[in-house]
Amino acid sequence: MRVLIVGAGFGGVAAAIELRRHGIDDVTILEKAPDFGGTWFYNSYPGCACDVPSQLYSFSFAQRRDWSRLCSPQEEILDYLHGVARSLGIDRLIKTNTRVTGCRWEDAACRWSVTTEAGDVHEADAIIIATGQLHQPSIPAIPGAERFAGHSFHSARWDHDYDLTDKRVAVVGTGASAVQFVPEVAERADELTVFQRTGNWFLPRQNRRYRPRVKALIEHVPGVQAYRRWFMFEYCEALTLAIRHPRTFGHLLHLRSALFMRSQLRDPELRRRVWPDYTFGCKRVLFSSTFLATLGQPNVELVTERIEQMTPEGILTADGRRHDVDCVIWGTGFKTMDFMFPLEIIGAQGRDLRQTWAHGAHAHLGMTVPGFPSMFVMYGPNTNTSGGSIIFYEEAQAAYIRQALQHLKQRGGGALEVRPEVEAATDRELQARFAGTAWTRCDSWYRDTTGRIVTNWPGFMRDYLERTREFAPGDFRFTPKPAPVAV
Ligand code: NAP
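As a starting point, this report considers the structure included with it. Since this is a predicted model, take the numbers as computed values, not measurements.

So, how was this worked out
- Residues numbered from 1 in each chain as written.
- Predicted model: local features only at pLDDT ≥ 70, side-chain atom pairs only at ≥ 80, totals over all residues.
- Heavy atoms only, no water.
- Helix = DSSP H or I, 4+ residues; strand = E, 2+ residues; numbered from the N terminus.
- Rg over C-alpha atoms; globule rule 2.2 N^0.38 Å.
- Buried < 20%, exposed > 50% of the residue type's maximum accessible area, 1.4 Å probe, protein only.
- Contact = heavy atoms within 4.5 Å.
- Areas by Shrake-Rupley, 256 points an atom, 1.4 Å probe, with all protein chains shown as cover.
- Lys, Arg positive; Asp, Glu negative; His and termini not counted.
- Charge placed at Lys NZ, Arg CZ, Asp CG, Glu CD.
- Near = heavy atom within 4 Å.
- Polar contact = N/O pair within 3.5 Å; in protein donor to acceptor, adjacent residues only side chain to side chain.
- Nonpolar A, V, L, I, M, F, W, Y, C, P; charged D, E, K, R; others polar.
- Salt bridge = Lys/Arg side-chain N within 4 Å of Asp/Glu carboxyl O.
- 1 Å grid on protein atoms, 1.4 Å probe; cavity = no way out; pocket = protein on both sides within 12 Å on 5 of 7 lines; lining within 4 Å.
- Points joined across faces, edges and corners; volume = space filled by probe spheres on them.
- Domains from an automatic or database assignment.
- Patch = residues over 30% accessible without salt bridge, like charges linked within 9 Å, V, L, I, M, F, W, Y side chains within 5 Å.
- Phe/Tyr/Trp six-rings, centres within 6.5 Å; stacked < 30°, edge-to-face > 60°.
- Lys NZ or Arg CZ within 6 Å of the ring centre and 35° of its normal.
- Pairing = 2+ DSSP bridges.
- Axes fitted to C-alpha atoms, helices over the stretch in contact; angles between N-to-C directions.

A look at the overall build of the chain
Phase 1 of the analysis: Per the secondary structure count, the chain includes 13 helices and 21 strands.
Phase 2 of the analysis: For the chain, the C-alpha radius of gyration of 23 Å lies close to 23 Å, the compact-globule estimate for 487 residues.
Phase 3 of the analysis: Each principal axis of the C-alpha atoms in the chain carries an extent, and together these give about 80 × 55 × 45 Å.
Phase 4 of the analysis: Residues counted as buried form 57% of the 487 residues belonging to the chain.
Phase 5 of the analysis: A separation of at least 24 residues holds for 72% of the contacts in the chain among residues at least 6 apart in sequence.
Phase 6 of the analysis: Entry remark: accessible area of the chain is about 21100 Å², with carbon and sulfur atoms responsible for 50%.
Phase 7 of the analysis: Counting 57 positive and 55 negative side-chain charges, the chain places the averaged centre of each group 5 Å from the other.

Description of unusual backbone geometry
Phase 1 of the analysis: Here the bond from Phe 341 into Pro 342 is cis, since omega is 15°, no more than 30 degrees from zero.
Phase 2 of the analysis: Positionally, Pro 342 belongs in the loop between β17 (327-330) and β18 (344-346).
Phase 3 of the analysis: Of note, the phi angle at Tyr 379 is positive, near 50°, even though the residue is not glycine.
Phase 4 of the analysis: The residue Tyr 379 is located in the loop between β19 (375-377) and α11 (390-410) in this model.
Phase 5 of the analysis: By relative accessible area, which is 12% here, Tyr 379 ends up buried.

Re the site of the ligand
Phase 1 of the analysis: Around the ligand lies a shell of 22 residues, among which Asp 51, Thr 174, Ser 177, Arg 197 and Thr 198 are the nearest.
Phase 2 of the analysis: Interatomic distance of 2.4 Å between a side-chain N/O atom of Thr 198 and an oxygen atom of the ligand.
Phase 3 of the analysis: Look at the ligand: alone it shows 900 Å² of surface, and the protein chains cover 82% of it.
Phase 4 of the analysis: Looking at side-chain class alone, the shell around the ligand contains nine nonpolar, nine polar and four charged residues.

What to know about the pattern of salt bridges
Phase 1 of the analysis: Under the definition given, this model contains 23 salt bridges.
Phase 2 of the analysis: Here Asp 51 makes a salt bridge to Arg 284, at a shortest N to O gap of 2.9 Å. Taken together, the positions of Asp 51 in the loop between α2 (39-42) and α3 (74-87) and Arg 284 in the loop between α8 (268-274) and β12 (286-287) put the pair 233 residues apart, joining distant regions of the chain.
Phase 3 of the analysis: Note that Arg 111 is salt-bridged to Asp 125, the shortest N-O span being 3.5 Å. Taken together, the residues Arg 111 in strand β5 (residues 111-116) and Asp 125 in the loop between β6 (121-124) and β7 (126-129) connect sequence positions 14 residues apart.
Phase 4 of the analysis: A residue is classified by how much of its surface remains accessible, and Arg 111, at 24% relative accessible area, is partly exposed.

Observations regarding the layout of surface pockets
Where empty space is left in the structure can be found by rolling a water-sized probe over the atoms.
Phase 1 of the analysis: Roughly 460 Å³ of internal volume is contained in the second largest pocket.
Phase 2 of the analysis: Along its surface, the second largest pocket is lined by 20 residues, and Gly 47, Glu 184, Arg 205, Asn 207 and Thr 290 are the ones closest to its centre.
Phase 3 of the analysis: Here the element with the most residues in the lining of the second largest pocket is helix α4 (residues 178-188); it accounts for five residues.
Phase 4 of the analysis: Class assignment for the residues of the lining of the second largest pocket results in seven nonpolar, eight polar and five charged.
Phase 5 of the analysis: Counting the residues that make up the lining of the second largest pocket, at least three belong to each of domain 1 (2-136 + 336-479) and domain 2 (145-201 + 247-330).

Quick word on a nonpolar patch on the surface
Phase 1 of the analysis: On the surface, a nonpolar cluster with roughly 490 Å² of combined accessible area is contributed by Tyr 227, Trp 230, Phe 231 and Tyr 235.
Phase 2 of the analysis: Within the secondary structure layout, Phe 231 lies in helix α6 (residues 224-244).
Phase 3 of the analysis: What makes Phe 231 partly exposed here is its relative accessible area of 44%.

Considering the packing of aromatic side chains
Geometrically, a pair of aromatic rings is defined through the distance of the ring centres and the angle of the planes.
Phase 1 of the analysis: If you walk through the whole model with that rule in mind, you get 26 aromatic pairs.
Phase 2 of the analysis: Ring geometry for Tyr 45 and Phe 181: centres 5.5 Å apart, planes at 65°, overall edge-to-face. Taken together, the residues span a long stretch of sequence, with Tyr 45 in the loop between α2 and α3 and Phe 181 in helix α4 at a distance of 136 residues. Here Tyr 45 matches Phe 181 in class, with each residue buried.
Phase 3 of the analysis: Centre to centre, the rings of Trp 201 and Phe 280 are 6.2 Å apart; their planes meet at 55°, and the pair counts as tilted. Of this pair, Trp 201 sits in the loop between β10 (191-195) and β11 (202-203) while Phe 280 sits in the loop between α8 and β12, placing them 79 residues apart in sequence. Each of the two residues, Trp 201 as well as Phe 280, counts as buried.
Phase 4 of the analysis: An aromatic cluster of at least three residues, connected via ring pairs, comprises Phe 10, Trp 40, Tyr 57, Phe 59, Phe 61, Trp 67 and Tyr 80.
Phase 5 of the analysis: For the cation-ring pair, Arg 21 lies above Phe 61, with the distance from its terminal atom to the ring centre recorded as 4.5 Å.

Overview of the sheet that holds β5
Phase 1 of the analysis: Strands sit in the order β6-β5-β4-β18 across an open sheet of four strands; the sheet is mixed. The open sheet has two edge strands, β6 and β18, and neither has a second partner. Going across the sheet, the axis of each strand differs from the next one's by a mean of 15°, ignoring polarity.
Phase 2 of the analysis: For strand β4 (residues 100-106) and β18, the ladder comprises three bridges, and the chain directions are parallel. Residue pairing in the sheet places Arg 104 in a bridge with Ile 346 of β18.

Comments concerning empty space enclosed by the protein
Phase 1 of the analysis: Following the criterion strictly, the structure yields three cavities of 30 Å³ or more and no others.
Phase 2 of the analysis: The computed volume of the largest cavity comes to approximately 50 Å³.
Phase 3 of the analysis: In this structure, the largest cavity is lined by Leu 365, Thr 426, Glu 429, Leu 430, Arg 433, Trp 457, Pro 458 and Arg 467.
Phase 4 of the analysis: When residues in the lining of the largest cavity are grouped by element, the largest group, three residues, is from helix α12 (residues 420-432).
Phase 5 of the analysis: Here the lining of the largest cavity is built from residues that sort into four nonpolar, one polar and three charged.

Looking at the sheet that holds strand β15 (residues 314-317)
Phase 1 of the analysis: One open sheet accounts for three strands, arranged β14-β15-β16; its pairing is antiparallel. Edge positions in the sheet fall to β14 (307-310) and β16 (322-324), since each of these pairs with one other strand and no more. Strand after strand, the sheet turns through a mean of 25° between neighbouring axes, direction not considered.
Phase 2 of the analysis: As paired elements, β15 and β16 share three bridges and run antiparallel to each other. Bridged to Ile 315 within β16 is His 323.

Interpretation note: all reported values are geometric properties and have no functional meaning in isolation.
So this is what it looks like as C-alpha cells:
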C-alpha cells in the first residue's frame, strides 16, 4: 500500500510516524516549503511562540522534559518537530520544495494520481491532505494597496532582512499573531500604529524562562511532567466549558478576563477603544501580559477607525486621517475557508472537492468526504480546537487513518469511502452542538459567509478523542481492487 501525504507540518509528520509504526512503510510526504515544519517553518515573526503549553503542544509519545518555558518559542517547537522526525527516520520520507497542484482519483485503476508543480506524477493507493487550516496568508483587498510605496509583508512571511529600527510602522490586525509581535516591534520602531478592527478578550500569559529549580523538578522528579500535562489538559477543557456555556462558566472567565484587562489598561479612553463588544470566547481568547501594556507606550498609537484606503505614503482611515508609514505589517490572519485549495482535488467520477464544498466544507469527523475514496484530511473541517492542543486531534486522526488503512489492507486493498448518509448525519449532529455556545454569538474566522461554523470542533478534546478512537468499518463503503487486465 502506497500512501502519499501532502504537507509536512505536525499533522503530516504525525501521520507518517503512525503509519510506519504499524507496518505501512511506503509513505512519502510532499512539502512545498524548502524545509519541513509547516506553521512553525512559516511563522518566524519576532515573539512567535505557541500559547498552548509545550507539555500539551507535543506528541504523547515524544514528551520532552527540558522545555525552556511553559509556552515554547517558535525555534524550540520547530527544533522539537525536526528532532522527533529525524529520530524516527521520517525526515527521509519528506520531499521538500515540492508543491502539489492536483490530486485525481483514477476510477479504473482505483488509485490517486498526484501532480506536482514541476510536472511529476506520483501514484498512491491513499492520500492524506495535511495542509492545515491556518496556512495561506490573507491580506485584505484595500483600495489603493498597489499604490503604497513603502515596504509591506505578512506576519507569516516575516521579512527578516527589513530592519524596523527607527521606522514608522503600521500593524494591521490584532489577532493571536499580532499580540505576540506588536510588543517586539514597538521596541524597535520609531513609531508604531496598530490598526484594530475588533477588540479581543485577553487572559494573562507569563512566560519567563523556567527557573533552574523548577526546570530540574520537571526534568528529574518522576511524575511531575505527567502531572503537568494532565493538569493543563483539564485547564484547556475548562476553556471549552466556558465557550460551551457562556452564561455560567463563560461568565466566570469573562470576569477574570475583564479584571485582568482593567489592570492592564489604566487609561480609560484606551480601555474603551480596546474593549470587545461580543461574548467572551466567541472569537479566540488571546493570551498576553504584554500586548495591552504596549498600546500605552509613547511611541505606540492604537487606531480603531476603519481603514478606507492606502495611499503611496501609508493608510487613510474613515475619519480622514492620514497615517504615513515606512512599512505595513499584515497581521490579518489566514484564508481559513480555503483549507487545501487552490490544490485541485478530483474524486470519483470527476467530482471536484471545490464544488462539493461550495456551500461550506464538511467531512466525517473532519477526515473523510463522500465521493473521495481513500482520501483523508488532517486538521480538516470542524477539527480546530478553541481551548486545547491541536496535536491531540492530529494524533487521534493519524491513529484513525492508520486503522482505516489497516482494515483496507486486510480486505485485500481497493478503496474505502465514507457513506454519504453517515457523513451527513455526523455533520448535522455536530452543527447542532454549536447551539447556545459562545461561538455563535459573533462573526469570526470560524464561520463561513452563511454563518455556519466550519473550522471548529464543538466540544471538548476528550470528545473528539473518544469519537475517533475506533475506526467503524460499517460507516464506509469498500471497493475491491480491480482485477488485473489480461494481456
Ligand atoms: P487572526 O486571529 O485571524 O487575526 C487577524 C486580525 O486581522 C484580526 O484582528 C482581524 O480583525 C484583523 N483583520 C482582518 N482583516 C482585516 C481588515 N480588512 N481590516 C482590518 N483588520 C483586519 O490571525 P492571526 O493573528 O494570524 O491568528 C490566526 C490563528 O492562528 C489564531 O486564531 C490561532 O488559532 C493561530 N495562532 C495561534 C498562536 C498560538 O500561540 N497558539 C499564535 C498565533 C496564531 P477582526 O477580529 O475584526 O476580524
